Amino acid sequence: MNTQKQIFLIVVLVFIFTGGCAAYSIIELPSRAPSQVTWTKEQSVERGALLFANNCRTCHGIKGQGGVGLPLNSSVSPGARNFQNQDPLVLKANQALLRTTISCGRAGSLMPAWLKQNNGPLNNIQVEHLIDLITSPIDETLKDADGNVTSEGWLLAVEFAHNLNRETNGIVGGDTLDTIAKAHGLGPKELAAANNLPVSGTLKQGSKLNIPGFRGDPGGYTYNVYNNNETITKVAESQHVGAAILADLNNVPYKFSEAKGKATLQLLDQDGAKTTGLFPGDKLKLPQDTTYTVATGDTLDAIAKRHNVSTSAISSLNSDLLRGVDTAKPLDAERKLTLPPNAGVVVQTGQTLAVIATEHGLKLDDLAKDNGLESTSTVKVGDKLKLPTGTPYTIQTGDTLADVAAGHGVTAAELAAANKLQTSDSISPAVVLAMPQVDQYEVKGDSLEAVAKAYANVTKESLGKANGVAADAVLRIGQVLTLPADTWGSTPPDTKNPGTACVQHAVPDSSFAVLPGVGTPKVDTPVVAPITTSKDVKIDAHANDWAVTADGSAQPANKGVVAVAKGTAVTFTSVAGLHSITSNGKKDGDDLKQGTNRSLTFSTAGQFKITCDYHTEMLAYVFVQ
């Protein structure tokens, strides 16, 4: 083929290609563009549904019906804002409101800022996905499980939530033989005695320990110390020494195995089958000379009750620690040393004024002032500071009497004498009580009600039904529980949004409305008690209102006012959402979950303003005469 023909052919092919592209642009692209837009929107809604199931259902309900958060799906929450309205102007306003609210949160409420730039977890695109879900139009051909018309997005959100619930389990928490042994100092001292070693100190790498025999392994075995940082206590815990002592003492069936330093103690039932743990309420005998390590929140009354001994029996064995304590108030769970009268502070590496104040239970300003310093002053290693007479020192992990003494400019002998100790004694941050003989320690464990409290809308009844047991059933500790299919997720956090994310949401609505140039001060209208008293009063909580019904007569939402006689019981029911019953600013009991009710008896005369901590618009008044 000559050059002229080649050029001609190339020109023809170019014209054909150009014509084809033009035809594609004119004919095909316009027909494909709408379907591409639709596909993109559907993908965004689907992603929004997954984001909602993972992040939002805890507060807004599994299908947007509202809970702690306001309802977002008007098809299942009549009276809620209609975010599905497709009128262009309304849709634009809804999208703007949602964008700001999701990005900034709402000041003074439990709605946090979700946008990453405002310290939230979501990026801008993910926020748009959520907006597309919430504002997607209702499809009259689609219905949810309750027969309500809905959208494909909300059906997907429910499906994703159900999948998450199937992959999540509740667990009955409580005592195990290992935790009971650890709290009572069982294991380390027995292991130390079997090897003629002190309990304190680290073990040398390569050394060997004799694990004493027990029912699960009568001959005992040798444990090889693999690391330099191992201690008698760590080895005793990893080899279940204390747990085996308890099991043997109480004839608890178990199977023990050990291989290459890894030990397993598996509890069995009376038929020899593997089981998860003890039952709450089981009674255990503890060895003689048992101690107990005080945990945060423990009271002397509670400790005595759990061990089925008297408070006086514990106090008599711990007179120095428990002299004059209120048996009903929490004990100090951090051990303190009495400092000799001549003690001060010799600043050590890493110490600041604030650290020193905390370790001695002092206010930073007071410590600084006593030493002629500012609270912001810097102290150097070796500086000497004065302490008020009688100041105690809170023991820190790793402390020795010698170290504490050097840090306070006194001798170890002086410090030991002030605390009735020997200079060779080890010290620990734990407060350890000597205990009388304990024959009936009561095993602590969760009830179904306690497990249900960890989830937003789960009750002991719904949890029991999901697991085929009665609501008051006592289950073994460690048992895995199936969550109800409609679980919203974990209990919502109670942290209120400080309003620092965006200027327009930096203050609550009630305050924003009265800022200069924005609104006028709100004046509360005095509420007058009704002339007649009502005998049958019901107060229902919907997504964002209290609805009062007095003797069969319904009153306007959030405007209910009723008078009752002293001793009248009022029934509160959550028809929709999760609410608190707050009377004159004081919350009454646990949250009121959807579908549950509670009866409150008003036995004191007065005016009671009923609100909800989660929904500030909710309001009702009860006058008790």
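Residues numbered from 1 in each chain as written. Predicted model: local features only at pLDDT ≥ 70, side-chain atom pairs only at ≥ 80, totals over all residues. Heavy atoms only, no water.

Here we look at the sheet that holds strand β21 (residues 568–574)
Defined as follows: Pairing between two strands is assigned when DSSP locates at least 2 bridges connecting them. Here a helix means four or more residues in a row that DSSP labels H or I, a strand means two or more in a row labelled E, and each is numbered from the N terminus.
Strand order across the open sheet formed by 5 strands is β19-β18-β17-β21-β24, with mixed pairing between neighbours. Either end of the sheet is taken by a strand with one partner, and the two such strands are β19 (553–554) and β24 (597–602).

Considerations on helix α10 (residues 300–307)
Test applied: The classification of residues rests on relative accessible area computed with a 1.4 Å probe and restricted to protein chains. Under 20% of the type maximum is buried, over 50% is exposed, and intermediate values are partly exposed. In this description, one arc is meant: the one made by directions from the helix axis to the C-beta atoms. Note on contacts: a residue pair is in contact if any heavy atoms of the two residues lie within 4.5 Å.
L300, I303, A304, R306 and H307 are the residues of α10 that are buried. Taken down its axis, α10 places every buried residue within 165° of arc, on the same side. Each element contacted by the buried residues of α10 is listed here: β9 (291–293), α11 (311–317), α12 (319–322), β14 (432–434) and β15 (441–442). Two residues or fewer after α10 comes N308, characterised by a positive phi angle close to 55°.

What to know about the side chain of T391
The condition is simple: Pairing of N or O atoms within 3.5 Å defines a polar contact, subject to two protein rules: one partner must be a possible hydrogen donor and the other a possible acceptor, and residues neighboring in sequence count only if both atoms are side-chain atoms.
Within the secondary structure layout, T391 lies in the loop between β12 (384–385) and β13 (392–394). A polar side-chain atom of T391 sits 2.6 Å from the main-chain carbonyl oxygen of P388. Each residue touching T391, except ones within four places of it in the same chain, is listed here: L339, H360 and L362.

Comments concerning the pairing of strand β26 (residues 620–624)
For β26, a buried count of 5 out of 5 residues is recorded, marking the element as mostly surrounded by other parts of the structure. Taking every second residue as pointing to the same face, both faces of β26 are buried, with A620, V622 and V624 on one and Y621 and F623 on the other. The pairing of strand β20 (residues 560–564) with β26 spans 5 bridges and is parallel. Paired with G560 across the two strands is A620, which belongs to β26. In terms of strand pairing, strand β25 (residues 606–611) meets β26 through 5 bridges, oriented antiparallel. Bridge pairing in β26 places Q607 opposite F623.

Focus on the pattern of salt bridges
Heads up, the rule is: Here, a salt bridge means any Lys or Arg side-chain nitrogen found within 4 Å of an Asp or Glu carboxyl oxygen.
Counted according to the given criterion, the structure contains 13 salt bridges. Between K41 and D132 there is a salt bridge, and its shortest N-O distance comes to 3.0 Å. Taken together, the residues span a long stretch of sequence, with K41 in helix α1 (residues 3–55) and D132 in helix α4 (residues 124–135) at a distance of 91 residues. For K41, a relative accessible area of 40% gives the class partly exposed. A residue is classified by how much of its surface remains accessible, and D132, at 11% relative accessible area, is buried. Of the charged contacts in the structure, one is a salt bridge between K189 and E190, with a shortest N-O distance of 3.6 Å. Of the residues examined, E190 reaches a relative accessible area of 24% and is grouped as partly exposed. Connected through salt bridges with shared partners, the residues K63, D144 and D146 form a single ionic network.

Thoughts on the environment of L50
Mapped onto the elements of the fold, L50 is located in helix α1. Taking the C-alpha atoms as reference points, L50 and V127, 77 residues apart in sequence, are found 12 Å from one another.

Considerations on the packing of helix α3 (residues 88–104) against α4
The line we're drawing: All axes are obtained by fitting lines to C-alpha atoms, using only the stretch in contact for helices, and the reported angles, taken between N-to-C directions, cover 0 to 180 degrees. Put simply, angles under 35 degrees are roughly parallel, angles over 145 are roughly antiparallel, angles from 65 to 115 are roughly perpendicular, and the rest are oblique. In this scheme the handedness of a crossing depends on how the near helix is turned from the far one: anticlockwise by less than a right angle means left-handed, clockwise means right-handed.
Put simply, α3 and α4 touch, their axes get as near as 10 Å, and they point 135° apart. With respect to their mutual orientation, α3 and α4 come out oblique. Viewed along their axes, α3 and α4 form a crossing whose handedness is right-handed. Between α3 and α4, the contacting residues are L91, Q95, L98, R99, I102 and S103 on the first element and V127, E128, L130, I131, I134 and T135 on the second.

Quick notes on helix α5 (residues 152–167)
Two residues of an α-helix separated by three or four positions point the same way, owing to the 3.6 residues in each turn. The criterion, for reference: A helix's residues, less one, multiplied by 1.5 Å, set its expected span.
Over its 16 residues, α5 extends 23 Å from the first C-alpha to the last, a length consistent with the 22 Å expected when each residue adds 1.5 Å. Within α5, burial applies to G153, W154, L156, A157, V158, F160, A161 and N165.

A look at the packing of aromatic side chains
Where we set the bar: What counts as a ring pair is set by centres within 6.5 Å for rings of Phe, Tyr and Trp (its six-membered ring), and what kind of pair is set by the plane angle: stacked under 30 degrees, edge-to-face over 60, tilted for all other angles.
Summed over all chains, the structure comprises 6 aromatic pairs. Each ring, one from F52 and one from W154, has its centre 5.0 Å from the other, and the planes form 90°; the classification is edge-to-face. Residue F52 is located in helix α1, and its partner W154 is located in helix α5; the two are separated by 102 residues in the primary sequence. According to the relative accessible area criterion, W154 is buried, its value standing at 1%. Summarising the aromatic geometry, the rings of Y223 and Y226 are spaced 6.4 Å apart at their centres and angled 85° between planes, so their arrangement reads as edge-to-face. Overall, the relative accessible area of 7% leaves Y223 in the buried class. Its relative accessible area of 42% is what places Y226 among the partly exposed residues. Taken together through their ring pairs, the aromatic side chains of F214, Y221 and F256 make up a single cluster.

Re empty space enclosed by the protein
Quick note on the threshold: Two kinds of site are reported from a 1 Å grid over the protein atoms alone, namely cavities, where a 1.4 Å probe fits but cannot get out, and pockets, open sets with protein on both sides within 12 Å along at least five of seven lines, and residues are called lining when an atom falls within 4 Å of a point. Grid points are joined across faces, edges and corners, and a volume is the space filled by probe spheres set on the points. Three classes are used: nonpolar for Ala, Val, Leu, Ile, Met, Phe, Trp, Tyr, Cys and Pro, charged for Asp, Glu, Lys and Arg, and polar for all others, with Gly counted as polar.
Enumeration over the complete set of coordinates arrives at 1 cavity of 30 Å³ or more. Approximately 30 Å³ is the volume found for the largest cavity. K63, N73, V76, D144, T150, W154, L155 and V158 are the residues that line the largest cavity. With 3 residues, the single largest contributor to the lining of the largest cavity is α5. Residues belonging to the lining of the largest cavity are distributed by class as follows: 4 nonpolar, 2 polar and 2 charged.

Considering the nonpolar core
A general tendency of soluble globular proteins is for nonpolar side chains to be buried together. Going by this rule: Here, nonpolar core refers to any group of buried Ala, Val, Leu, Ile, Met, Phe, Trp, Tyr and Cys residues whose side-chain atoms link them within 4.5 Å.
In terms of nonpolar packing, the biggest core is built from 46 residues, with L177 and I314 touching the most fellow members. Setting aside anything within four residues of it in sequence, one finds L177 in contact with A243, L246, A247, L265, L267, L278 and L284. One finds A49, L98, L122 and F160 within the second-largest nonpolar core, a separate group that totals 27 residues.

What about the confidence of the model for the protein chain?
Basically, it comes down to this: pLDDT gives the predictor's per-residue confidence on a scale running from 0 to 100.
In this model, the protein chain carries a mean pLDDT of 89, and residues with pLDDT of at least 70 account for 91%. Across residues 517–522, where pLDDT falls below 50, the model places 8 contacts with residues more than four positions away in sequence or in other chains.

Here we look at the sheet that holds β20
What the 5 strands build is an open sheet, ordered β20-β26-β25-β22-β23; its pairing is mixed. Strands with a single pairing partner mark the edges of an open sheet, and in this sheet they are β20 and β23 (586–587). When strand β22 (residues 582–583) meets β25, the two strands line up antiparallel, connected through 2 bridges. Across the sheet, S583 pairs through a bridge with I610, a residue of β25.

Observations concerning the side chain of E359
Short version of the rule: As used throughout, the charge tally considers Lys and Arg to be positive and Asp and Glu to be negative, leaving His and the chain termini uncounted.
By the element assignment, E359 lies in helix α13 (residues 353–359). Buried charge E359 goes without a salt bridge, the closest partner of opposite sign being K336 at 12 Å. Side-chain polar atoms of E359 contact the side chain of Q351, separated by 3.1 Å. Those residues within four positions of E359 in sequence are excluded, and the remaining contacts are Q351, P392, Y393, T394 and Q396.

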